[in-house]
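# Observations on the model geometry
The chain contents come next:
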Amino acid sequence: MGSLNKGVSKVDVTLKWDPSPMGAPPHDLDIIAATYTADDPHGAPAYLVHFDSRSPDGTITLKRESRTGQGFGFDEAMTLELDRLAPAYARVVVGIVIQQGEGRKTFGEIANTAIRICEGYTVLAEDDFAAISDSTAATVAEFTRDTAGGWEFRAAVRGFDADPNSFAGFMGNSLS
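Attention in this report is confined to the structure presented alongside it. Predicted model only: the values in this text are computed from it and were never measured. (Residues numbered from 1 in each chain as written. Predicted model: local features only at pLDDT ≥ 70, side-chain atom pairs only at ≥ 80, totals over all residues. Heavy atoms only, no water.)

## Describing the sheet that holds strand 10 (residues 151–160)
The strand order 3-2-6-9-10 describes an open sheet built from five strands, whose pairing is antiparallel. Strands with a single pairing partner mark the edges of an open sheet, and in this sheet they are strand 3 (47–49) and strand 10. Mean inter-strand twist for the sheet, computed between neighbouring axes without regard to direction, equals 20°. Both strand 2 (residues 29–37) and strand 6 (residues 89–98) contribute to a ladder of nine bridges, which runs antiparallel. (Pairing = 2+ DSSP bridges. Helix = DSSP H or I, 4+ residues; strand = E, 2+ residues; numbered from the N terminus. Axes fitted to C-alpha atoms, helices over the stretch in contact; angles between N-to-C directions.)

## Remarks on unusual backbone geometry
We note that asparagine 112 has phi near 55°; this positive angle belongs to a residue other than glycine. Relative to the elements of secondary structure, asparagine 112 occurs in the loop between strand 6 and strand 7 (114–119). The backbone phi angle of phenylalanine 129 is positive, close to 65°, even though this residue is not glycine. By the secondary structure assignment, phenylalanine 129 is in the loop between strand 8 (122–127) and strand 9 (137–145).

Function cannot be inferred from these measures alone, as they are strictly geometric.
Have a look at this one:
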């Protein structure tokens, strides 16, 4: 008899932070999703989704992108339609990175940071990055396909001191 648990299917990852003080360079945080194949779930990502991009098949999209944190509530939002992701993909890792163009910034230097991961109205995870305040990047979630084809969620808040390019290259290996 098969499992009645369908797993997670469509998830929204939202991010918020306060704008920088008047006259200071803007804080720019970004959500990144890395998708891995079933053949190599801990190798190089098959593709990345981040600002100015979406997955080739449209299953992972950045719906809202902020470069300053100005807005009400959650400023940046990414949707992952895991139930539509091709069987060739078995793992998706989601991370947050702080752009470092105006000098090194950490989560602790940016007021009111928060991440929320929801499936519909159900909150799967929330975090304020306080435990990783000295970090410039973080993994926040890992989704893996089980043997029945359903998707499992694991909260995976782990901080790193990395620029956006290097973080994107190793973020999936950091959870191995």
